[in-house]
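What follows is each chain in one-letter form.
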Amino acid sequence: MPFYPVQLVLLNTGGAWFDLSTLPVFIAALIAIGIVLFTTYHKKSRERFTLRKIAGLDAVEEAIGRATEMARPLLYTPGWGGDIQRPTTIASMNILSHVAARAARYDCQLVYPTHDPVIMSVAQEVVRESYVQEGYPDRFNEDNIRYVSSSQFGYAAAVEGQITRLKPASIFLLGTFEAESLILAETGNFVGAIQIAGTDSTIQLSFFIVACDYTLIGEELFAASGYLSGDQSILASVRAQDLMKLVIMALLIIGVIWASINPDSTWWRF
Amino acid sequence: MKRLESRHWVFIGLFLVVLLSMLLQVDLGVEVSSDTTRLFDYIENLPPGSTIMISFDHEASSLPEIRPLALAVLRHAFARNQRLVGVALLAEGTGIGYRLMEQVGKEYGKVYGEDYVFLGFKPQYIAAMLSMGESIRQTFPEDYLGRSYDSLPMLQGVRNYDQIAGVISIADGSLTTHWIEYAGNQYGVRVSAAVAAAMVTTYDPYLASGQLHAMIGGLRGAAEYEQLIHQGGSGLRGMLAQTTAHMYVILMILIGNVVYFRGRRKRGEG
Amino acid sequence: MRRRIPQLVCGLFGLVTFLCYFSSHPIARKIYLTVTLDYWQIIFAFTLIVGALSFVRVNLRAVERGEDRPYKIVSLIGVVLMPILALIWGIRGGSPFMWVFENIQVPMQATVFSLLAFFVASASYRGFRARSLQAAILLGAALLILISRSSIGDLIWDRIPEAAEWVRSNPAMSARRAILIGIGLGSLTTSVRVLVGIERTWLGGEK
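These lines cover the structure that appears in this document, whether it is placed above or below. The model shown is predicted, which means the values in this text are computed figures rather than measured ones.

Reading the values: rules and limits
- Residues numbered from 1 in each chain as written.
- Chains lettered and ligands numbered in written order.
- Predicted model: local features only at pLDDT ≥ 70, side-chain atom pairs only at ≥ 80, totals over all residues.
- Heavy atoms only, no water.
- Helix = DSSP H or I, 4+ residues; strand = E, 2+ residues; numbered from the N terminus.
- Buried < 20%, exposed > 50% of the residue type's maximum accessible area, 1.4 Å probe, protein only.
- Contact = heavy atoms within 4.5 Å.
- Areas by Shrake-Rupley, 256 points an atom, 1.4 Å probe, with all protein chains shown as cover.
- Lys, Arg positive; Asp, Glu negative; His and termini not counted.
- Charge placed at Lys NZ, Arg CZ, Asp CG, Glu CD.
- Rg over C-alpha atoms; globule rule 2.2 N^0.38 Å.
- Pairing = 2+ DSSP bridges.
- Axes fitted to C-alpha atoms, helices over the stretch in contact; angles between N-to-C directions.
- Phe/Tyr/Trp six-rings, centres within 6.5 Å; stacked < 30°, edge-to-face > 60°.
- Lys NZ or Arg CZ within 6 Å of the ring centre and 35° of its normal.
- Parallel < 35°, antiparallel > 145°, perpendicular 65-115°, else oblique.
- Left-handed = near helix turned anticlockwise from the far one by under 90°.
- Nonpolar A, V, L, I, M, F, W, Y, C, P; charged D, E, K, R; others polar.
- Buried area = accessible area lost by both parts, 1.4 Å probe.
- Salt bridge = Lys/Arg side-chain N within 4 Å of Asp/Glu carboxyl O.
- Polar contact = N/O pair within 3.5 Å; in protein donor to acceptor, adjacent residues only side chain to side chain.
- Core = buried A, V, L, I, M, F, W, Y, C linked by side-chain atoms within 4.5 Å.

**Focus: the overall build of chain A**
Across its full length, chain A carries nine helices and six strands. Looking at the 270 residues of chain A, the share that counts as buried comes to 54%. Nonlocal contacts in chain A, meaning residues at least 24 apart in sequence, comprise 71% of its contacts between residues at least 6 apart. Accessible surface for chain A amounts to roughly 11500 Å². Of this, 61% is attributable to carbon and sulfur atoms. Distance from the positive charge centre (19 side chains) to the negative charge centre (26 side chains) of chain A: 6 Å.

**Overview of the overall build of chain C**
Along its length, chain C carries seven helices and zero strands. Helices and strands in chain C line up, N terminus first, as α-α-α-α-α-α-α. For 207 residues, the compact-globule formula gives about 17 Å, and the C-alpha radius of gyration of chain C, at 26 Å, lies well above that figure. When the backbone C-alpha atoms are referred to their principal axes, chain C occupies close to 65 × 50 × 40 Å. Within chain C, buried positions represent 42% of all 207 residues. Across chain C, contacts joining residues at least 24 apart in sequence account for 22% of those joining residues at least 6 apart. For chain C, the distance from the average site of its 22 positive side-chain charges to the average site of its 11 negative ones is 10 Å.

**Here's the deal with the sheet that holds strand β5 (residues 191–195) of chain B**
Residue and element names in this part refer to chain B. One open sheet accounts for six strands, arranged β3-β2-β1-β4-β5-β6; its pairing is parallel. Here the strands that pair on one side only, and so sit at the sheet edges, are β3 (116–121) and β6 (215–217). Put simply, the sheet's adjacent strands are angled 15 degrees from each other on average, direction ignored. Where β5 and β6 come together, three bridges link them in parallel fashion. Along β6, the bridge assignment pairs Ala194 with Ile216. Taken strand by strand, helix α4 (residues 93–107) contacts β1 (51–57), β2 (83–88) and β3, and its axis lies near 170 degrees from that of β3.

**So, the packing of aromatic side chains**
Taken as a whole and judged by the stated rule, the model has 29 aromatic pairs over all chains. Taking 5.2 Å as the distance between ring centres and 70 degrees as the angle between the ring planes, the aromatic pair formed by A:Phe18 and A:Phe26 counts as edge-to-face. Among the aromatic residues, ring-to-ring pairing joins B:Phe56, B:Phe78, B:Tyr98, B:Tyr112, B:Tyr116, B:Phe118 and B:Tyr144 into one connected group. Over the face of the ring belonging to A:Phe190 we find B:Arg7, whose NZ or CZ atom lies 3.9 Å from the ring centre.

**Considering the packing of helix α3 (residues 63–79) of chain B against α4(B)**
Residue and element names in this part refer to chain B. Remark: α3 packs on α4, axes separated minimally by 10 Å, with the N-to-C direction vectors making an angle of 40 degrees. Regarding the angle of α3 to α4, the classification is oblique. Between α3 and α4 lies a crossing of right-handed hand. Contacts from Leu63, Arg67, Ala70, Leu71, Leu74, Arg75 and Phe78 in α3 reach Ile96, Leu100, Met101, Gln103, Val104, Gly105 and Glu107 in α4. Classifying every residue of the contact of α3 with α4 by side-chain character gives nine nonpolar, two polar and three charged.

**A word on the interface of chain C and chain B**
Facing 48 residues of chain C, the contacting portion of chain B comprises 62 residues. Interface area for chain C against chain B, summed over the two sides, is near 4800 Å², with a carbon-plus-sulfur share of 64%. Among the residues chain C hides against chain B, the three largest losses belong to C:Tyr125, C:Arg149 and C:Arg168. Together they make up 15% of the total. Our count for the contact surface shared by chain C and chain B stands at three salt bridges. For the salt bridge of B:Asp204 with C:Arg168, the shortest nitrogen-to-oxygen distance reads 2.7 Å. Seen at the junction of chain C and chain B, the total is ten residue pairs in polar contact (both at pLDDT 80 or more). Mapped by element, the contributors of at least two residues to the side of chain C that touches chain B are α2 (26–65), α4 (96–127), α5 (133–148), α6 (152–156) and α7 (160–196) of chain C. By residue number, the principal contributor to the side of chain C that touches chain B is α4(C), which donates 16 residues. Of the residues belonging to the side of chain C that touches chain B, the class tally is 27 nonpolar, eleven polar and ten charged.

**Remarks on the nonpolar core**
Of all hydrophobic cores here, the largest spans 89 residues; its most connected members are B:Met53 and B:Trp179. No other element matches the ten residues that α3(B) contributes to this core. Sequence-distant contacts of B:Trp179, defined by excluding residues within four places in its chain, comprise B:Met53, B:Ser55, B:Asp57, B:Leu89, B:Met129, B:Met132, B:Tyr161, B:Val167, B:Ser169, B:Gly184 and B:Val191. Counting 43 residues, the second largest nonpolar core, distinct from the first, contains A:Ile54, A:Met93, A:Cys108 and A:Leu216.

**What to know about the environment of B:Gly238**
Residues and elements named next belong to chain B. Note that Gly238 resides in helix α10 (residues 234–266). Residue classification places Gly238 among the buried residues on the basis of a relative accessible area of 11%. As a C-alpha pair, Gly238 and Ser21 span 217 residues in sequence and 8.4 Å in three-dimensional space.

Here it is, written out as structure tokens:
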């Protein structure tokens, strides 16, 4: 019998339209969304706003310039762990758009292997659009943005093989990586590529820090879009992150003090 | 012939060290950690006849590390007369999971369908986890061998996670996170894990917060578990190879530092 | 219009799944499950076709051009052979499909995975250097964890596992949590930007 989950017999016949147990999450989500929208659309909060220097993002130009000078390709890959729903993949697409525009301008070959057909399709659109916007649609080669394998180490072997054969001058490892991270980063190191990495996978960050030239840590990857484009509406959401951090820090301090004074209290747990 | 570089010598050295250690087959024994004891106690203290779901959330590549972990947990669960429901949420875990359950089931004289079942693979793991929270039967109308869900005596009365004492995710990547976030947080099922060593630190925060009930990790975790169930396996046998490999890496770090400081002194920086 | 419709679909489904998360009403659960189960499964099935077709096309073109021909031919044989085996004999235990999987794919993947051990050794040799005080502290912590994860740790000093556990549970966990909070907030702001349409790069550009 085929599987049609829409036919699921819903055993829970009762249930409230609003589940009160999710109230703390709901309030936190509304506050967070409110802060993002406020910083984005409130004109005053967008004034006089600059980001600190992020070495990994400043090095993007250097990496593209190097590939152009050496007449060798750029290799960009988003890792095996993500799919298109993941914000990290979208953040990576933003950087890809910028890299593709520069690659188009300098006529530098950009190779993008991926493990996910949807990511491949989106990346093709993003890169194509960048080439068109730069005025070089003829330089775009769809085959350079390719699906290689959905299997983790099939993907790792395919990308490793491309790095070894193409010997790219610069490698961008930006997205969600798992155990393949060190295999790719070390192979890139062996061929002498300049490497810029960034991931939301904390365990793989340590591998990237050891093996790559520049590593974007944590939220730096998400700030990249605004940092590279200078778009104030996107930069404003970075300010929202800082405001939310302040809220979280305040809650942590209150929670720690409260729990220290009255260890039996539970109101701060959710 | 191309001259070997320093990294090639590093590779050759590691290969020889691990090979010799594997040939020696010395049982070193290990000190059992509190994390391992926690998982052991959890299975040990469940009433016999409880239903545990074992999810094989790994690829074929990590089998040398995952296999001893899975075997140790399965042996303990069967020895305690627990009933096991196997599933695979990554395609490559399917055949492996079935073989492991069948092997250990035979060792303990267990009958398929009465003491254990293997439901097979379901793509889109998040969807599968959510779907099982509503109805396992609808998610897996047939088991891996093509028998209908209703024809398996062990599954009579098993509707969803409410009838499952706990889920043990045997993983080499981030799938355990999804078990915690979707099955654990949304349906309240108790989630434990047996994971590859590289993933241990990823799950530490979940373990500390109690979202992950118990966890064992890597070959060392398997060796500790084998010690607890008094049944030696490839975990304990592999500890010599792991120990010598770790010592080799430490040696490489020390040599790397000696080379670095000598170079610095030569350049007059020290 | 080419961008507006996907943006509307994205915003609508984002809002619906967001609201459904907070409801336990059967209708809300049904909508949530239909979106997350049925729609995902259908999209997933189609993406596999897109991926397979793209893979075959790119590799055939490469074979025609003579670019990395042996590798491409092996890849194409694999992509054609496995579905044929599965269609004729099925994928249950003992079938030819499973034989190829267990005796060819598993060892090949394990081989690539095992490369990690060699790369860890070479990366440690090259990268783990006490260039500064901070790097030296990091190096010390790494050595402690390495020793604790092997049998020899207990033999050198019985408090080594305890010390390593302290490093894992305190400084390492604190740093990890801080990074995770940063990543979580970054994910959240990116998601909101996508849902309200400020972020449009994923649609292929700004226009």
